[in-house]
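Residues per chain are reported as follows:
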Amino acid sequence: MFVLLIGLKTDQNIHNELILVPRWGLLAAVVALTAIGRFVHVIYIAPFLAEQKVVDAKSGLLPTTIAKRFFSKRNLIIGAVTAAVLLAVGNDIQAAVGPYWGVYVGMVRGFAIVYVIAWAIFYYRRFIGAHSYSIGFTLLVIYPVAMVALFGFQGSLKWVDNFGIQILIYVMLAWGLNIVVGLAGLLDLGYVAFYAVGAYSYALLGTHFGWSFWILLPAAGAMAALWGVILGFPVLRLRGDYLAIVTLAFGEIIRLVLINWREVTNGAAGISGVPKISFFGLISFNVSDPNYVAKVFGIAQSGAYYKIFLYYLILALCVLTAFVTVRLRSMPVGRAWEALREDEIACRSLGINTTTTKLTAFATGAMFGGFAGSFFAARQGFVSPESFIFLESAIILAIVVLGGMGSLGGIAVASVVMIGGTEILREMQFLKMIFGPDFTPELYRMLLFGVAMVIVMVWKPRGFVGSREPTAFLKERKAVSGEFTKEGHG
């Protein structure tokens, strides 16, 4: 596996021919690190973990856990002081030591900040678990403000756009797919098609007719919902692998139509010049407009204003998606989805119309995909078929599975870990000093997905969130452990 994944790399030569480039040095380094890691685990780590379960003969107590040793007050003081010092004078230190050692200074600063956050999460995990949604929403609201305070308006662009907006787009897409896969139990591998329909609906209508985003947003959602119903009709009698194959084909059909229908979609060249979003026509983000945000409020020009506006807009769309999903779960249609997921035959025997149940699931999930697509087109200012390949559907489905099917909070955490993790890889340029200047960290993002999938499936086979609260209950609402739910649906 290492030979195929790491030892060989595909490239193009001067004649535009596909060739294999061997990377035996990198392969040898990875194999050596793996062997050393396995040796250390067998000789030291495994015996040490076994000793943690042995009661001390004199005191009758178990040893102090590794986590409490790691998250001690002494280590917290060291981490907090290091983070504070490097945040204050880290840039000056990096300039003084040069680019080579400056990378390591930034890495130490990042590790110190992460340690302080992890320490707080570890000791206040019960409080965080009890108020997770309130804390998460508060952090999301103040996130752009914190980034501007730390890095300034121009410096915050990367953190607000590449991390904040990008993650929230995938949160919304995963929540939309969660309706189809997590609640209704319909395996959809072509969800990116609805994402593309929403994006091209906004791009075409906004470019040719100049319609406002606030009109095209519901229009894109309605168009995607219509295509969701169109997809739903042919697959009413299909389940499992057959349903997955048909939905996969549907996603590829949409992509091929976008490529070949050049008269409308401009083919593989895509559509450029997609209009920006304005604040209901009152405030514009185009510098040439008389109602440009900087002119209205008398402030300095900056592209960060538009990114911050887009951040809060996609946050509002995510809140809308979560609110509608929670409300639908408590309604008869939501309970019909869950009944369909557990057993379709029993669902029919109860008199539930499985045809309308499946169609409403496809239409509702597709609608939110269309919303996200229209926002994506407005954010990018350009759309092309290359943005809507099968890999996007696979990533969205992986986020739903990793987070826990049916769990909004778990899916949001999985989106942060997966999408945020791949974006952090772009910041790890110091790895080039270890593996050579040709090493590209972001190309290994799919390897990160694979490792995360293996880890979660081994330790948390039902996703990050292994329990759920039933929508129908008697006298008392109580969370159900993942051990008492059907495999894969906890």
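Residues numbered from 1 in each chain as written. Predicted model: local features only at pLDDT ≥ 70, side-chain atom pairs only at ≥ 80, totals over all residues. Heavy atoms only, no water.

**A few points about the overall build of the protein chain**
From N to C terminus, the protein chain includes 19 helices and four strands. The buried share of the protein chain, reckoned over its 490 residues, is 41%. Partitioning the intrachain contacts of the protein chain with sequence separation of at least 6 by distance along the chain shows that 66% fall at a separation of at least 24. (Helix = DSSP H or I, 4+ residues; strand = E, 2+ residues; numbered from the N terminus. Buried < 20%, exposed > 50% of the residue type's maximum accessible area, 1.4 Å probe, protein only. Contact = heavy atoms within 4.5 Å.)

**Quick word on the packing of aromatic side chains**
Within a pair of aromatic rings, the relevant descriptors are the distance that separates the centres and the angle that separates the planes. Following the criterion strictly, the structure yields 23 aromatic pairs and no others. Judged by centre distance (6.3 Å) and plane angle (45 degrees), the ring pair of Trp227 and Phe250 falls under tilted. Here the residue Trp227 occupies a position in helix α8 (residues 213-232), and Phe250 occupies one in helix α9 (residues 240-260), the gap between them amounting to 23 residues. For Phe250, a relative accessible area of 11% puts it in the buried group. Look at Phe279 and Phe280: their rings are 5.2 Å apart centre to centre, the planes differ by 80 degrees, and that puts the pair in the edge-to-face class. Judged by its relative accessible area of 52%, Phe280 falls in the exposed class. Members of the aromatic cluster, each reached through a chain of ring pairs, are Phe70, Phe71, Tyr115, Trp119, Phe122 and Tyr123. (Phe/Tyr/Trp six-rings, centres within 6.5 Å; stacked < 30°, edge-to-face > 60°.)

**Observations concerning the packing of helix α12 (residues 304-329) against helix α15 (residues 354-380)**
Working note: a packed helix pair is described by the angle between its axes plus the distance between those axes. The N-to-C vectors of α12 and α15 enclose an angle of 180 degrees; their axes lie 11 Å apart at closest approach. Relative to α15, the element α12 lies roughly antiparallel. Contacts between α12 and α15 involve Tyr306, Lys307, Leu310, Leu313, Ile314, Leu317, Thr321, Val324 and Leu328 from the former and Thr364, Phe368, Phe375, Ala378 and Arg379 from the latter. Counted by class, the contact of α12 with α15 contains ten nonpolar, two polar and two charged residues. (Axes fitted to C-alpha atoms, helices over the stretch in contact; angles between N-to-C directions. Parallel < 35°, antiparallel > 145°, perpendicular 65-115°, else oblique. Nonpolar A, V, L, I, M, F, W, Y, C, P; charged D, E, K, R; others polar.)

**Regarding the side chain of Lys358**
Within the secondary structure layout, Lys358 lies in helix α15. Among the residues examined, Lys358 registers a relative accessible area of 2% and is labelled buried. Those residues in contact with Lys358 that lie beyond four places of it in its chain are Leu186, Val235, Leu236, Leu238, Leu340 and Glu344.

**Considering the pattern of salt bridges**
With the rule as written, the count across this model stands at four salt bridges. Across the salt bridge formed by Asp161 and Lys307, the nearest N and O atoms sit 3.3 Å from each other. Of the two residues, Asp161 is situated in helix α6 (residues 132-183) and Lys307 in helix α12; the sequence distance between them amounts to 146 residues. Considered together, Asp161 and Lys307 belong to a single accessibility category, that of buried residues. Arg379 is the partner of Asp161 in a salt bridge, and the nearest nitrogen-oxygen pair spans 2.9 Å. Taken together, the positions of Asp161 in helix α6 and Arg379 in helix α15 put the pair 218 residues apart, joining distant regions of the chain. Taking the relative accessible area as the measure of exposure, Arg379 reaches 9% and is therefore buried. Among the charged side chains, a network of salt bridges with common partners joins Asp161, Lys307 and Arg379. (Salt bridge = Lys/Arg side-chain N within 4 Å of Asp/Glu carboxyl O.)

**Some words on the pairing of strand β2 (residues 18-22)**
Of the strand pairs in this sheet, strand β1 (residues 8-12) and β2 are connected by five bridges, and their pairing is antiparallel. Within the sheet, the bridge partner assigned to Asp11 lies in β2 and is Ile19. If you look at the hairpin formed by β1 and β2, you'll find five residues sitting between the two strands, and Asn16 has a positive phi there, around 60 degrees. (Pairing = 2+ DSSP bridges.)

**Things to note about the nonpolar core**
Ranked by size, the top nonpolar core spans 92 residues in total, and within it Ile277 and Ile399 carry the most contacts. The dominant element in this core, judged by the number of residues it contributes, is α6, at 17 residues. In this view, Ile277 contacts Tyr202, Phe213, Trp214, Phe285, Tyr306, Phe309, Leu310, Leu313 and Ala378; residues no more than four positions away in its chain are not counted. Listed in part, the five residues of the second largest apolar core include Phe71, Tyr115, Trp119 and Phe122. (Core = buried A, V, L, I, M, F, W, Y, C linked by side-chain atoms within 4.5 Å.)

**Things to note about a nonpolar patch on the surface**
Taken together, the side chains of Met1, Val3, Leu4, Leu5, Trp24, Leu447, Val451, Val454, Ile455, Val458 and Trp459 make up a nonpolar region of the molecular surface, amounting to roughly 1200 Å² of accessible area. Residue assignment for the nonpolar patch shows that the elements contributing at least two residues are α1 (2-7) and α19 (445-459). Per element, the largest residue contribution to the nonpolar patch is six residues, and it comes from α19. If you trace the backbone, Trp24 turns up in helix α2 (residues 24-51). (Patch = residues over 30% accessible without salt bridge, like charges linked within 9 Å, V, L, I, M, F, W, Y side chains within 5 Å. Areas by Shrake-Rupley, 256 points an atom, 1.4 Å probe, with all protein chains shown as cover.)

**Quick notes on α15**
Taking 1.5 Å per residue as the helical rise, α15 with its 27 residues ought to reach 39 Å, and the 39 Å between its terminal C-alpha atoms agrees with that figure. Within α15, 22 of the 27 residues are buried, leaving the element largely enclosed by the surrounding structure. The distance from a side-chain oxygen at the start of α15 to the backbone nitrogen of Thr355 is 3.0 Å, and the residue carrying that oxygen is Asn353. Remark: Gly381 follows α15 within two positions and exhibits a positive phi of approximately 75 degrees. (Expected span 1.5 Å × (residues − 1). Polar contact = N/O pair within 3.5 Å; in protein donor to acceptor, adjacent residues only side chain to side chain.)

**Here we look at the environment of Ile389**
Secondary-structure assignment places Ile389 in the loop between β4 (382-383) and α16 (390-403). For the pair Ile389 and Ala193, spaced 196 residues apart in sequence, the C-alpha separation works out to 8.7 Å. With residues near it in sequence (within four places) discarded, Ile389 still touches Val192 and Arg255.

**Some words on the confidence of the model for the protein chain**
Per-residue pLDDT for the protein chain has a mean of 81; in total, 88% of the residues score no lower than 70. Ranking the elements of the protein chain by mean pLDDT puts helix α18 (residues 432-435) last, at 65, and α12 first, at 90. (pLDDT = per-residue confidence, 0-100.)

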